[in-house]
Amino acid sequence: MKVTEHLAQAKGKTLFSFEVLPPKKGENIHTLFSNIEPLMEFKPPFIDVTYHREEYVYRQHPNGLLEKKTVRRRPGTVGICAAIKNRFDVDTVPHLICGGFTKEETENALIDLHFLGIDTVLALRGDPIKSEGVFKPEPDGHAYACDLIGQVADLNKGEYLDQEQDDAWATSFCIGTAGYPEKHFEAPNYGADIRYLKHKVDRGADYIVTQMFFDNEQFFDFERRCRAAGIMVPIIPGLKPLTTKAQLSALPRNFFLNFPEPLVEAISQCRDNEAARIIGTEWCLNQSRELMAHGVPSLHYYSMGKSENIRKVAKELF
Ligand code: FAD
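Residues numbered from 1 in each chain as written. Predicted model: local features only at pLDDT ≥ 70, side-chain atom pairs only at ≥ 80, totals over all residues.

Draft legend 1. Spatial organisation of the overall build of the protein. Helix and strand counts for the protein stand at 11 helices and 10 strands. The C-alpha atoms of the protein give a radius of gyration of 20 Å, which matches the 20 Å a tight globule of 318 residues would have. Overall, the protein is about 60 × 60 × 45 Å in size when its C-alpha atoms are taken along their principal axes. Every one of the 318 residues in the protein was classed for burial, and the buried ones make up 38%. (Helix = DSSP H or I, 4+ residues; strand = E, 2+ residues; numbered from the N terminus. Rg over C-alpha atoms; globule rule 2.2 N^0.38 Å. Buried ≥ 20, exposed ≤ 12 C-beta atoms within 10 Å, placed from the backbone.)

Draft legend 2. Spotlight on the pairing of strand E4 (residues 66-71). Counting buried residues along E4, only zero of its six residues qualify, which leaves the element largely exposed. One ladder, built from six bridges, connects strand E3 (residues 55-60) with E4; its direction is antiparallel. In the sheet register, Tyr56 faces E4, and the bridge partner there is Thr70. Between the end of E3 and the start of E4, which pair antiparallel, lie five residues, with Gly64 showing a positive phi angle near 95°. (Pairing = 2+ DSSP bridges.)

Draft legend 3. Here's a closer look at the sheet that holds strand E5 (residues 91-97). If you walk around this closed barrel you meet the eight strands as E1-E2-E5-E6-E7-E8-E9-E10, and the pairing is parallel. Strand-to-strand twist across the sheet, computed as the mean angle between neighbouring axes with direction ignored, equals 30°. Two elements, strand E9 (residues 235-239) and strand E10 (residues 298-302), share two bridges in a ladder whose sense is parallel. Across the sheet, the residue bridging to Leu239 is Tyr301, located in E10. Strand contacts of helix H3 (residues 77-88): strand E2 (46-49) and E5, with the helix running at about 175° to E5, the strand carrying the most contacts. (Axes fitted to C-alpha atoms, helices over the stretch in contact; angles between N-to-C directions. Contact = placed C-beta atoms within 7 Å.)

Draft legend 4. View of the site of the ligand. What surrounds the ligand is a group of 24 residues, the closest being Thr50, His95, Arg125, Ala145 and Ala178. Sorting the residues of the shell around the ligand by element identifies E5, helix H5 (145-156), helix H6 (190-203) and strand E8 (207-212) as the ones contributing at least two each. Element by element, the count of residues in the shell around the ligand is highest for H6, at five residues. Looking at the shell around the ligand, its residues break down into 11 nonpolar, seven polar and six charged. (Near = placed C-beta within 6 Å. Nonpolar A, V, L, I, M, F, W, Y, C, P; charged D, E, K, R; others polar.)

Draft legend 5. Spotlight on the nonpolar core. Grouped together as the largest cluster of nonpolar side chains are 70 residues, with contacts concentrated most on Val121, Ala123, Ile149, Val152 and Ile175. Examining the composition of this core, we find that six residues originate from one element, H5, more than from any other. Those residues in contact with Ile175 that lie beyond four places of it in its chain are Val121, Ala123, Ile149, Val152, Ala153, Gly204, Ala205 and Asp206. (Core = buried A, V, L, I, M, F, W, Y, C linked by C-beta atoms within 7 Å.)

Draft legend 6. Just the environment of Lys68, in detail. Within the secondary structure, Lys68 is located in strand E4. For the pair Lys68 and Gly305, spaced 237 residues apart in sequence, the C-alpha to C-alpha distance is 29 Å. Ignoring sequence-local partners within four residues, the contact set of Lys68 consists of Tyr56 and Tyr58.

Draft legend 7. Region of interest: the packing of helix H4 (residues 103-115) against H5. Closest axis-to-axis distance for the H4/H5 pair is 11 Å, and the angle between their directions is 50°. The angle between H4 and H5 places the two elements in the oblique class. Relative to H5, H4 is oriented so that their crossing is right-handed. From H4, Lys103, Thr106, Glu107 and Leu110 reach across to H5, where they touch Leu148, Gln151, Val152 and Leu155. Looking at the contact of H4 with H5 residue by residue, the classes come out as four nonpolar, two polar and two charged. (Parallel < 35°, antiparallel > 145°, perpendicular 65-115°, else oblique. Left-handed = near helix turned anticlockwise from the far one by under 90°.)

Right, here's the structure in full:
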């Protein structure tokens, strides 16, 4: 079932959902299964699986010159979605990105997903490759998520890239897109970011999942601005329980977000990570309670490979 169908079926009740990362190359899928297992008692209707594009590393060649190598550390999103769906009988949502994909490769991935009975995708642009600094699309790829959304929407109408295609069939993907309560880091200002988000919805996005945030007022403000701009699709808040002191600087660095002062103060005073984990989980629980009372369609947790703290939060709520 599609994400929007799950939301409609819930009739206003807040659902529980979460995101997992594909295991690192060489690891076994059972590590991932054992992280998902403890969260299944809360009956998530869908689980997201992130997509990780290649990175570049430079190695010294025996001839002394530096060699550029392509490395993919977490491959396998499509296969992992199929494996989770089969193992837990739950819908899975693969993340699809523009970076590293030509339009033809995207179409092939969508056809594979259609065969597998996976009917929702989260369509994203992807971050720039770290060593490149700015996002570079493939020569025949998409520069923005709105164009990827457009391609999926076209395929839903039976419009293929391959004009020779003579089988009369169309996909019917539900399309999710990303939103940023604190603004995307490259957007010139908040208003422009909301306009681009509106454009993504106009091109075919059916629902929005937000970047993680730690101050609910930012979400409420974002939601108000979206509605004022005519964005009427469901908006699902993304949440993460803070688990280590180091995340106080790592999360802002990686996700361009701000922590509210009381949380910074409380975590800074923690003697160790165990104390930080207790405060981070409590903070996330309070955020979740308030968002639930506000009537959000789902609480979507970023597991980042760990389920223990999400489980603590979910146990209180679902
Ligand atoms: P876009 O919507 O294309 O926006 C990118 C920037 O361009 C923004 O600043 C926007 O304001 C601007 N913009 C948008 N459209 C236009 C336009 N038409 N013209 C000019 N400017 C425009 N990354 C991964 O690599 N893999 C993942 O699995 C993944 N999952 C994610 C899940 C969620 C819920 C979120 C919030 C993010 C995720 N990301 C993931 C990160 C995401 O790929 C990055 O934040 C990326 O930098 C932007 O992606 P986007 O889809 O928001 O891009």
